[in-house]
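Architecture at a glance
Listed here are the chains, written in short residue letters.
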Protein chains: 2
Amino acid sequence: MRSKQQPNRGKRQHLRLKVWLEADDGLVTLSDWRASLLEAVQRHGSLVAAARELNVPHRTAWQRLHEMEERLGARLVDTSSGGAAGGASRLTPAAEDLLRRFTALRAGLDEQLAERFRAQFEQDA
Amino acid sequence: MRSKQQPNRGKRQHLRLKVWLEADDGLVTLSDWRASLLEAVQRHGSLVAAARELNVPHRTAWQRLHEMEERLGARLVDTSSGGAAGGASRLTPAAEDLLRRFTALRAGLDEQLAERFRAQFEQDA
């Protein structure tokens, strides 16, 4: 058993990884967080419920979605008019397609990097 | 030949990827940029020359290094006193070790992700 402090290598470190997509102008079109937002809309069929799950104001969720739609030049969410809850929202086929591609891009990456990190930083050489 | 505009998928997107390490307190200990800084010191034997290569003020380079040393609890650069140029700087064995591990962690990752990105976002399904 080894100390968590990795005495030969200074203090313990943690791995961080971010993957995102940008438009030509450098603005973010899709990221891990934005993909989570789309997934939450897909799961709940509601932007209000998605925002609640991600613990952000409804307005923030709406703004992020709207930004993505502008930057991608594609509609991502269809919202039916509704009552106080803001109506039902569902992903468009374009959003589902985008999410599927991003999920495939990210697949297994955290696990692969975590494995490498363990080999390089947490085991005896 | 396909249009760069990917007409079926809205506007063209670009892949971005960041890998970094943090200490327990969430502060960055090593990142792609910080690894470049260590590599530049290694190559030039001089923090001044490394800062010039990375196009940052000498003071910024020095601060980043000093931060990393504090956060890691290890000395990364040995500097011999010198004249106006600030003397010679060289990586400590701890820094060389850290850089070697980080390089192994990152190895081939950009290429792998770029390949996945092409498959998912730039080719016909």
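Residues numbered from 1 in each chain as written. Chains lettered and ligands numbered in written order. Predicted model: local features only at pLDDT ≥ 70, side-chain atom pairs only at ≥ 80, totals over all residues. Heavy atoms only, no water.

1. Here's the deal with the relation of the copies chain A and chain B
Related by rotation about an axis and a shift along that axis, the two copies of the chain form a pair. Under the convention used in this document: The atoms used to superpose the copies are C-alpha atoms, taken from residues with pLDDT of at least 70 in both, and the fit is least squares. The contact criterion used throughout is that any non-hydrogen atoms of two residues lie within 4.5 Å.
When chain A is fitted to chain B, the best match, at an RMSD of 0.0 Å, comes from turning it 180° and sliding it 0.0 Å along the axis. Taken together, these values place the two copies in the relation of a two-fold axis. Minimal C-alpha separation from the rotation axis in chain A is found for Lys18(A), amounting to 2.6 Å. Comparing interface residues between copies, 100% of those in chain A also lie at the interface in chain B; the contact surface is shared.

2. Quick word on the pairing of strand β2 (residues 28-31) of chain B
Residues and elements named next belong to chain B. Test applied: At least two DSSP bridges between two strands are required for those strands to pair. What counts as a helix is a DSSP run of H or I of at least four residues, what counts as a strand is a run of E of at least two, and both are numbered from the N terminus.
Of the strand pairs in this sheet, strand β1 (residues 14-22) and β2 are connected by three bridges, and their pairing is antiparallel. Along β2, the bridge assignment pairs Trp-20 with Ser-31. In sequence, β1 turns back onto β2 through a hairpin of five residues, with Gly-26 there showing a positive phi of about 85°.

3. Regarding the environment of Val77(B)
Residues and elements named next belong to chain B. Structurally, Val-77 can be placed in strand β3 (residues 77-79). In this structure, the C-alpha to C-alpha distance between Val-77 and Val-56, residues 21 residues apart in sequence, is 18 Å. Apart from the residues lying within four places of it in its own chain, the contact partners of Val-77 are Val-41, Leu-65, Glu-69, Ser-89, Arg-90, Leu-91 and Thr-92.

4. Thoughts on the interface of chain A and chain B
Convention followed: The term buried area denotes the loss of accessible surface (1.4 Å probe radius) that occurs when two parts are joined, taken as the sum for both partners. Put simply, a salt bridge is a Lys or Arg side-chain nitrogen that is within 4 Å of an Asp or Glu carboxyl oxygen. Residues adjacent in sequence count toward polar contacts only when both atoms are side-chain atoms; beyond that, a polar contact is any pair of N or O atoms within 3.5 Å, and within protein one must be able to donate a hydrogen and the other to accept it. Note on residue classes: Ala, Val, Leu, Ile, Met, Phe, Trp, Tyr, Cys and Pro are nonpolar, Asp, Glu, Lys and Arg are charged, and everything else, Gly too, is polar.
Between chain A and chain B, the residue contacts involve 37 residues of the former and 38 residues of the latter. For the chain A and chain B pair, buried surface summed over both sides reaches about 3500 Å², with 53% attributable to carbon and sulfur atoms. Contact with chain B buries surface across chain A, with Arg16(A), Arg101(A) and Leu105(A) losing the most and accounting together for 19% of the total. Inspection of the chain A/chain B interface yields four salt bridges. One salt bridge connects Arg16(A) with Glu22(B), and the closest N-O pair in it is separated by 2.9 Å. Where chain A packs against chain B, one counts 20 residue pairs in polar contact (both at pLDDT 80 or more). Elements represented by at least two residues in the side of chain A that touches chain B include exactly β1 (14-22), β2 (28-31), α3 (58-72), α4 (93-106) and α5 (109-122) of chain A. Ranked by the residues each element gives to the side of chain A that touches chain B, the list is headed by β1(A), at nine residues. For the side of chain A that touches chain B, the per-class residue count stands at 18 nonpolar, six polar and 13 charged. Of the pairings in the sheet, the one linking β1(A) to β1(B) comprises nine bridges and is antiparallel in character. Each residue of the ladder has a partner; that of Leu15(A), found in β1(B), is Leu21(B).

All we've got here are geometric facts, nothing functional implied.
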